[in-house]
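Remarks on the overall topology
One-letter residues, chain by chain:
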Amino acid sequence: MGVGMKAVWLFQRGLGRIWEARFGRSARRVCLDRGMTTSEYAVGTIAACAFAAVLYKVVTSGAVLSALQSLIKNALDAKF
């Protein structure tokens, strides 16, 4: 059982004061959040796609591509 579900279980059974004494009052508000809403998933997905697009453009640029190729070449040609 995760910390969030444990907090919900404790508060539902009247043991919230013990939890608050251990973890503080702010832990109650944080732990009772049960997940993201649909709009938060949508924004997170768009942000992840945008980050992936930027990362793809950076990695496939000429300077980075040549640096990666030289790094791999040097690693394969290393003398032990």
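Above this text is the structure in question.
Quick summary incoming for the structure in this document. As the structure is a prediction and not an experimental result, all values here were calculated from the model.

Turning our attention to the environment of V59. Here V59 lies in helix α4 (residues 38–59). Excluding its chain neighbours within four sequence positions, the residues that come into contact with V59 are V64, L65 and L68.

A cluster of nonpolar side chains, contributed by F51, V54, L55, V58, V59, L68 and L71, occupies part of the molecular surface with about 640 Å² of accessible area. Within the residue set of the nonpolar patch, elements represented by two or more residues are α4 and α5 (62–76). Counting residues per element, the nonpolar patch draws most heavily on α4, which supplies five residues. For V59, a relative accessible area of 36% gives the class partly exposed.

Another point: the pattern of salt bridges. In total, this model carries one salt bridge according to the counting rule given. Across the pair D77 and K73 runs a salt bridge, and its minimum N-O distance is 3.4 Å. Judged by its relative accessible area of 45%, D77 is partly exposed.

The rules behind each value
Here, residues in each chain are numbered from 1, in the same order as that chain's written sequence. Given that this is a predicted model, residues contribute local features only at a pLDDT of at least 70 and side-chain atom pairs are listed and counted only at 80 or more, while totals for whole chains, interfaces and linings are drawn from all residues. To obtain the side-chain values, all non-hydrogen atoms of the structure were included, while hydrogens and water were left out. Strands here are runs of E lasting at least two residues and helices are runs of H or I lasting at least four, both read from the DSSP assignment and numbered beginning at the N terminus. Only heavy atoms enter the contact rule, under which two residues are in contact if any of them lie within 4.5 Å. For patch detection, residues must exceed 30% relative accessible area and be free of salt bridges, and they are connected within 9 Å for like charges or within 5 Å for nonpolar side chains (Val, Leu, Ile, Met, Phe, Trp, Tyr). Accessible areas in this description were obtained via Shrake-Rupley with a 1.4 Å probe; residue shielding takes into account the shown protein chains only. Basic side-chain nitrogens of Lys or Arg form a salt bridge, by our definition, when they fall within 4 Å of a carboxyl oxygen of Asp or Glu. Burial classification: accessible surface area is computed with a 1.4 Å probe over protein chains only, and a residue below 20% of its type maximum counts as buried, one above 50% as exposed, and the rest as partly exposed.

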